[in-house]
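Topology and contacts: notes
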Amino acid sequence: MRWTRTIRAAALLAVAALGLTACGGGGSDQPAAQSKGGAPIVVASFNFTDSQILAEIYAGALEAKGYPVTRKLNLGSRELIYPSLKKGELQFVPEYQGAAIATGFGKDAVKDAAGEHSQLAALFKPEGIGLLNYAPAEDKDVYIVKADLAKSKGLATIGDLKKLDKVVMAGGPECETRLPCFKGFQDVYKLTNATFKTVQEIGPRVQELDSGGATVIPVDSVSPVAGDSKYVVLKDDLGIEPTENVVPAVSQKVLDERGQDFAATVNAVSAKLTTDELRDLNSRVDADGDPAADVAKDWLKQQGLA
């Protein structure tokens, strides 16, 4: 899940010791735009697939407009990245609004995208970091059931699970005590018919759902499973999950120096990013084995942004 991804501690220490060595590359095979000059803009990513894809997309769009870029990808968690972002060693990170508020600053996120944007902007401002426009694309936890069960029992929302005699959620161990997960099913949705089963990995979790060992499971909204017609994503009608819209967090110094053309270039990318497209891009990397840089390059070309 977005707010509970496993961190490889040894790898993080190694990265830190190497001074945040760049772990990815990219660029375009198109003729380079006229250079804007100046120091390269340091674009970073967390250590999971869609973060790396997003960093490659934004970096590629900037390069297509002539901005020099240095990539530092697959770095790890916010605990590693935020100190370097605040120091200016990293200057551009595609973030996720709700998780940034909750895990980056330890605050409770409001439950709408515009409100989260304002909340996160206020938290980042004293650190010399600004936000550009957030994208329609989200990477958040969603809750899925089998499509045949949803059809036969009329399940469209999480609240509809009250219609069942018994509900078993299978999820990671942290889910049981988190309000944006099973605890929310109990405390907010009042599902007295629900019990919890610990299943850490997504593969076994899906197997539990398919076999009938679980009724509902949490998955990332950008996971290919969430878009599979075998399953139905239940609407979170009472809003236990914060929104997790993608948003570029950028050094205020870079924003001030680079001006409106820079902001417009980044905002043009964000405007075209959707959850469904991000799910498809993730699938190309995780299922098909395509490099994130190539997937990003293809998307930029398709959108007329490179």
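Please refer to the structure placed before this passage.
In this text the structure is predicted, and so the values were computed from the model without any measurement. (Residues numbered from 1 in each chain as written. Predicted model: local features only at pLDDT ≥ 70, side-chain atom pairs only at ≥ 80, totals over all residues. Heavy atoms only, no water.)

A word on the pattern of salt bridges. Going through the model one piece at a time under the given rule, you end up with twelve salt bridges. Two residues, Glu56 and Arg71, come together in a salt bridge whose shortest N-O distance is 2.7 Å. Within this pair, whereas Glu56 is found in helix α2 (residues 49-64), its partner Arg71 is found in strand β2 (residues 69-72), the two being separated by 15 residues in sequence. By the burial criterion, Glu56 is buried, and Arg71 matches it. A salt bridge links Glu95 to Arg78, with the shortest nitrogen-to-oxygen separation between them at 2.8 Å. Here Glu95 is found in strand β3 (residues 92-96), whereas its partner Arg78 is found in helix α3 (residues 78-87), with 17 residues between them in sequence. The pair Glu95 / Arg78 is uniform in exposure class, with both members buried. (Salt bridge = Lys/Arg side-chain N within 4 Å of Asp/Glu carboxyl O. Helix = DSSP H or I, 4+ residues; strand = E, 2+ residues; numbered from the N terminus. Buried < 20%, exposed > 50% of the residue type's maximum accessible area, 1.4 Å probe, protein only.)

Evaluated as defined, the whole model comprises ten aromatic pairs. On the basis of an interplanar angle of 10° and a centroid distance of 6.0 Å, the ring pair of Phe46 and Phe48 is categorised as stacked. An identical accessibility class is assigned to Phe46 and Phe48; each is buried. Judged by centre distance (5.4 Å) and plane angle (45°), the rings of Phe182 and Phe196 are tilted. Highlighted residues: Phe182 in helix α7 (residues 182-187) and Phe196 in strand β7 (residues 194-198), separated in sequence by 14 residues. Aromatic ring contacts, followed pair by pair, group Phe46, Phe48 and Tyr96 into a single cluster. Sitting over the face of the ring of Tyr67, Lys36 holds its NZ or CZ atom 5.4 Å from the ring centroid. Taking NZ or CZ as reference, Arg78 lies 4.9 Å from the ring centre of Phe46, over its face. (Phe/Tyr/Trp six-rings, centres within 6.5 Å; stacked < 30°, edge-to-face > 60°. Lys NZ or Arg CZ within 6 Å of the ring centre and 35° of its normal.)

Here the focus is the state of the cysteines. Under the defined criterion, the tally for this structure stands at one disulfide. Covalently, Cys175 is tied to Cys181 through a disulfide, its sulfur atoms 1.9 Å apart. Sign of the S-S torsion, about -90° for the bond between Cys175 and Cys181, identifies this disulfide as left-handed. Cys181 shares its class with Cys175; the two are buried. (Disulfide = S-S within 2.5 Å.)

So, about the pairing of β3. Buried residues dominate β3, accounting for five of its five residues. What you see with β3 is no split at all: Phe92, Pro94 and Tyr96 on one side and Val93 and Glu95 on the other are buried throughout. Where β3 meets strand β10 (residues 246-251), five bridges bridge the pair, whose relative direction is antiparallel. Across the sheet, residue Phe92 finds its bridge partner in β10, namely Val250. (Pairing = 2+ DSSP bridges.)

Distances and angles like these do not, on their own, reveal function.
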